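Observations on chain architecture
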Amino acid sequence: MDSAIRTATDPDNVMTIWLDVPGKPVNTCTPQLLSGLSAVIDSLELSRPAGVIFASAKARSFNAGADLFAIRDMDRPTVTSYLALGQSLYERIARLPMPTVAAINGDCLGGGTELALACTYRVAANDGAISIGLPETKLGIIPAWGGTTRLPRMIGLTRALPILLAGKTLPPRKAQKAGLVDEVVRPEALLAAAKRLVMSHRDRRQPRVMERLAARLTPARNRILAMARRQTEERTFGNYPAPLRLIDVLKAGYDNGFSAGLAAERAALLELTQTDACRNLLRLFFLRQGAKRRASDQLKAKPREINYAAVIGGGTMGAGIVHALIRANVRVRLVEVDPAAVSGALGRVRKLLDEDVIAGRLDKLAARHAFNRVSPTIDWSGLHLADLVVEAVVENLDAKHEVFAQLDKLTRPDAILASNTSSLRVADIARATAHPPRVLGLHFFNPVNKMPLVEIVRAPETDDASLATAVALTNRLGKTPVVVNDAPGFLVNRLLIPHLAEALALAAEGTPIDEIDSAMKQWGMPMGPFELLDEIGLDVSLHVLKSLSHVMAHPVELSPAVEQAVGRRWLGKKSGRGFYVHPAAKRGSAPKLQVNVELSRLVAPHVQAAPVSAEEIQWRLILPMVNEAARTLAEGITDSADDIDLATVLGLGFAPFRGGLAKFAEDVGIEEVVRRLNDLTTRHGPRFAPAELLCELASEHRSFPRPAAAVRSPSAVATQSLPALQDVRL
């Protein structure tokens, strides 16, 4: 077996330890790597070079942490030994008598970051695409190779808590500001900087004086931890056990010493792996990794290369799509109607790039180069160069027909024509062209730069080559593709509509809208339905609700209050008033929302509702989504409940700890879901009548259809957070 570790010693007696897991595109903390590293540390403890550099032989990957796929297949005793081995090895590295440095050339996550924390120094390449951090809480676990115990002692308890509890990953410059790395240098200067650091013998990083005092004084430390617990419970409603257990581990380490902290890490991780939240979060991680391969495996064609794209329309969605493409090094022709529209579109693209610079994802030069990849036009010239065109104009079939008829004449016959429609049939749009096989849906979610899902929509005549190219491009953009068949609303919006419609029905019965929102946030949604309507915009929401009403099993009955609100220009957050009054946000704080009493009265005039429990609200808003999910399966919009789970979590922010909509229904039990729907039908009418597929599954004691086991992937740790509902717009 090839070794995962290589070493080299230079004339100054500085040893470089090269991490290079054989046969893998990224380094992970496999048992093979840990074993090889342990053998090298044995020799270091005897030979004592002048310094040690830990470096990666993999391009753009330092170490992605534990191989979650391998851990999934381990039994509990093996996991226990694996944890103990990693902790012991990293502690030996931390105690080496010579200075050590981690030279971070690429993603450094989880166990990779814990290795870096065990070193005397850390230096990172100045590349905003690199992620550094400890994302374990996003997966329902905690850092357990010393990260939970070591990080607060290095940067201070109050600075470490937000990073640990949120599972934050940071680009190098932000990581340096947070104290995770000591220096950030040009990529080509990384190893030279690492050697300079180990030869400098400068003091190891320590927290600031006040941070050290706060951690040492028991009353102050307990107040900090108590506040962190209270804020975590308020934010998560106790639905995520990992952050709360992490606080317990921190307390144990400070109260009883470093070794006790390590022991508490191991115990907590083993305990957390047995929780439903962890199982569901890990399953979503595996599904997300496998989705990219599954989408490709569904198709019998090879993708074509996309070097040049065009985007028609530079509004919020169009600009977001342009930004995603230029970030992936694709040149873009941006088509708008007049110079003023071009200026506005370019301003939106520039603003997104400026946000990348502020966040440390790009430096100013890289942002300038990205912006220069945009070529605007108002005369539709240059489209013959495009490999792909994405239409992002107003959601109106006539307008889209006009655009696609022009594109059919101005583009090459092999260019893919994609619509970003969220509610129209792609087949209806394709009728405007003479070549329907190259037309598909490419449904991004707003804001494009935050939402990780793209629905790739197969119309009846769409060919596999076009779909395969769209899947490959989606992967290149760093997003997760889900291939669905053509239908109004596709998958995500089709599932969202009954949720929003039932929220409006509840409010019309007199249930206060803030109580409805509060109940759903307690259930696990990061945002209630009325907060979401305000985020989407009441005008957009009204259009989509009307557009999709006819495809529901029972047409949506819209409150006239929504149309009245739109008529008064109460459009939600963008106008400052919708179901809530949205005050101007102050820097560093989220304003507290107040209910728009006038609109609340329009929704339920003269209605005095009987009190409705939070549990009743939750069932009434979630079960219609389950019902609609069953219908999408029966209609063939998707053939997999796994796709429903991914789409609802990544596209809607559906409570990730519950594992997705279909998984939640299966955990409740299909028979129980049908029983509850029948009960709601009796009390509230036929809109709750259980779907035929649900009744069939319940009678036969079967679950939703799912594909074979998830495809394995070399990736080790999730670097992106699951989306919050406040990020979601149609």
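Residues numbered from 1 in each chain as written. Predicted model: local features only at pLDDT ≥ 70, side-chain atom pairs only at ≥ 80, totals over all residues. Heavy atoms only, no water.

Let's shift gears to the overall build of the chain. Scanning the chain from N- to C-terminus turns up 30 helices and 20 strands. Over its C-alpha trace the chain gives a radius of gyration of 27 Å, about what one expects of a compact globule, namely 27 Å for 730 residues. When its C-alpha atoms are laid out on the principal axes, the chain stretches across 75 × 60 × 55 Å. The 730 residues of the chain split such that 58% are buried. (Helix = DSSP H or I, 4+ residues; strand = E, 2+ residues; numbered from the N terminus. Rg over C-alpha atoms; globule rule 2.2 N^0.38 Å. Buried < 20%, exposed > 50% of the residue type's maximum accessible area, 1.4 Å probe, protein only.)

For the coordinates displayed, the defined rule picks out 55 salt bridges. A salt bridge links Arg706 to Asp642, with the shortest nitrogen-to-oxygen separation between them at 2.4 Å. Here Arg706, found in the segment after helix 30 (692–699), pairs with Asp642, found in helix 27 (residues 641–652); they are 64 residues apart in sequence, far enough to count as distant. On the basis of relative accessibility, which here comes to 10%, the residue Asp642 falls in the buried class. (Salt bridge = Lys/Arg side-chain N within 4 Å of Asp/Glu carboxyl O.)

For a regular strand, side chains alternate in direction, first toward one face of the sheet and then toward the other. Pairing of strand 1 (residues 5–9) with strand 2 (residues 14–19) involves five bridges; the strand directions are antiparallel. Pairing of Thr9 across the sheet is with Met15, part of strand 2. (Pairing = 2+ DSSP bridges.)

This part takes up the nonpolar core. If you look at the biggest cluster of nonpolar residues, it comprises 109 residues, and the most contacted ones within it are Phe530, Phe579, Ile622, Phe654, Leu661, Leu694 and Phe704. Lining this core are residues from two domains, each supplying at least three of them: domain 2 (305–485) and domain 3 (492–699). Not counting residues up to four positions away in its chain, the partners in contact with Leu661 are Leu495, Ile622, Met625, Val626, Ala629, Ile644, Asp645, Thr648 and Phe654. (Core = buried A, V, L, I, M, F, W, Y, C linked by side-chain atoms within 4.5 Å. Domains from an automatic or database assignment. Contact = heavy atoms within 4.5 Å.)

Split by domain assignment, the chain resolves into domain 1 (5–274), domain 2 (305–485) and domain 3 (492–699). Of note, the centres of domain 1 and domain 2, computed from C-alpha atoms alone, are 39 Å apart. At the junction of the two partners, domain 1 supplies five residues and domain 2 supplies six residues. At the boundary of domain 1 with domain 2, total buried surface from both sides reaches about 350 Å², with 47% on carbon and sulfur atoms. Of all residues in domain 1, Gly128, Pro171 and Lys174 bury the most surface against domain 2, accounting for 75% of the area lost on that side. (Buried area = accessible area lost by both parts, 1.4 Å probe.)

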